[in-house]
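Now for the letters of each chain:
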Amino acid sequence: MEDALRQFLSQVHWTLLAIVLAGSLAVLAKAADWLVSEVVALSERSRIPKVVIGATIVSLATTTPEAVVSVLAAMQGSPGLALGNAVGSIICDTGLILGLISVMSPLRLDRKIVNRQGWVQLGAALALVAASFPWASPGAVLSAGGKLPQAAGLLFLLALAVYVVQSIRWTRDEREAEELLEEFEGDVATPVPLVLAKLLGVLALVVGSAQVLVVAAVQTATRLHLPDSVIAATIVAFGTSLPELVTAVTAARRGHGELALGTVIGADILNVLFVAGTAAAVTPAGLQANGHFFLLLYPIMVSVLVIFRLGVIFSGDHLKRPFGLMMLGLYGVYVVLTYLIPGT
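The notes below deal with the structure included here. What you see is a predicted model, and the numbers here were worked out from it, not measured in a lab.

### Some thoughts on the overall build of the protein
Piece 1. Counting secondary structure elements, the protein contains 13 helices and two strands.
Piece 2. The burial tally for the protein puts 50% of its 344 residues in the buried class.
Piece 3. Looking at the protein alone, contacts between residues at least 24 apart form 84% of all its contacts between residues at least 6 apart.
Piece 4. As displayed, the protein offers around 15,000 Å² of accessible surface, 69% of which is attributable to carbon and sulfur atoms.

Okay, structure coming up:
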């Protein structure tokens, strides 16, 4: 499907390409707005905290592009690209997206839930580093790198199942009777299954429109004769995180910062357990993590997650803006170093 779209857009006139680009962007923005409304509606109907819905249902759907890209890359003989996509998405999700929305407006923290999900987020990232570290020859880590073995991928998928089941148990324990939000008072009779069906439909629209936008943007950049390295390091890498970005920014703008937080935290967890786990599980030889992962990608990933953890620990009921600025600044450093350090 994506190949057919890429081939079609490579042959159309500039005018139609511009229409596709603008149209997919408009659909994505509107779909994200609908998505936030449906998540809030589901939260109010089911009494499930929005941060939990964001960390499970929404993040599972918005990480689908990363999973597809990584699995295809692994099966087509590019295991380094598969792992790099997962790690790069965590850096983008936390550094760019969470940093940006934290600067836009201090995010309200449900400390119990954010702490619980946040430690899983950091723990999953550290498990990824440990699983791919060359413990037999640690001195050669920057030159030879390491490998995420197939067995680790299978364990990550098992951990994913445990995480989903545990999330359901946590949700069951935390349901509370609350007043319906005013914007949904006229729709109180809508059954939860119908709200859930609408939510999944809008999620599909968000992911689909984001994929069309990325293909159109890459084609536009190609026609403008931008270098392949620039396209790969910016549009393609950024594109797979686009659903999380638009959903999180829309949620923050509409005053549902806890949904934005849940979406980012859940996406980070799933990028390890779902994306990297699936890609490694389908690759008998495992996913190669060359020296640049340990020189740049892993340190940046862990650093931005630690900054977020410190932000939660040292903030009150709202994540303070300075921590958002630090995460955003670290993402900027990552982008610059990606160009300056060969091979990344």
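Next comes the rest of the account.
### Notes on the nonpolar core
Piece 1. Membership of the largest hydrophobic core comes to 75 residues, with the highest contact counts inside it found for L83, V87, L128, L148, Y298, M301 and F308.
Piece 2. Per-element accounting of this core gives the leading share, 13 residues, to helix α11 (residues 257–281).
Piece 3. Beyond its immediate stretch of four places on either side in the chain, F308 contacts T94, L98, V114, Q121, L261, I265, L319 and M327.

### Concerning the environment of R253
Piece 1. Tracing the sequence through the fold places R253 in helix α10 (residues 242–253).
Piece 2. The sequence separation of R253 and I101 amounts to 152 residues, and the corresponding C-alpha distance is 8.4 Å.

### Some remarks on helix α13 (residues 321–340)
Piece 1. Over its 20 residues, α13 extends 29 Å from the first C-alpha to the last, a length consistent with the 28 Å expected when each residue adds 1.5 Å.
Piece 2. Here α13 has its buried residues at F323, G324, M327, L330, Y331, Y334 and T338. Taken around the axis of α13, the buried residues stretch over an arc of 125°, which confines them to a single face. The outward face of α13, more than 90 degrees from its buried face, is lined by the exposed residues L325 and L340.

Rules and cut-offs
- Residue numbering note: each chain is counted from 1, following its sequence as written.
- For this predicted model, a pLDDT threshold of at least 70 governs which residues receive local features, and a threshold of 80 or more governs which side-chain atom pairs are given and counted, while totals over whole chains, interfaces and linings are taken from all residues.
- Only heavy atoms go into the side-chain values, all of them from the structure, while hydrogens and water stay out.
- Helix and strand assignments follow DSSP, with helices taken as H or I runs no shorter than four residues and strands as E runs no shorter than two, numbered in order from the N terminus.
- For every residue, the accessible area (1.4 Å probe, protein chains only) is compared with the maximum for its type, and the residue is labelled buried under 20%, exposed over 50%, or partly exposed between those bounds.
- Two residues form a contact once any of their heavy atoms are found within 4.5 Å.
- Working definition of accessibility: Shrake-Rupley area with a 1.4 Å probe, residue cover restricted to the visible protein chains.
- In these notes, a set of buried Ala, Val, Leu, Ile, Met, Phe, Trp, Tyr and Cys residues joined through side-chain atoms within 4.5 Å is what counts as a nonpolar core.
- A helix is expected to span 1.5 Å multiplied by its residue count minus one.
- As used here, the arc belongs to the directions running from the helix axis to the C-beta atoms.

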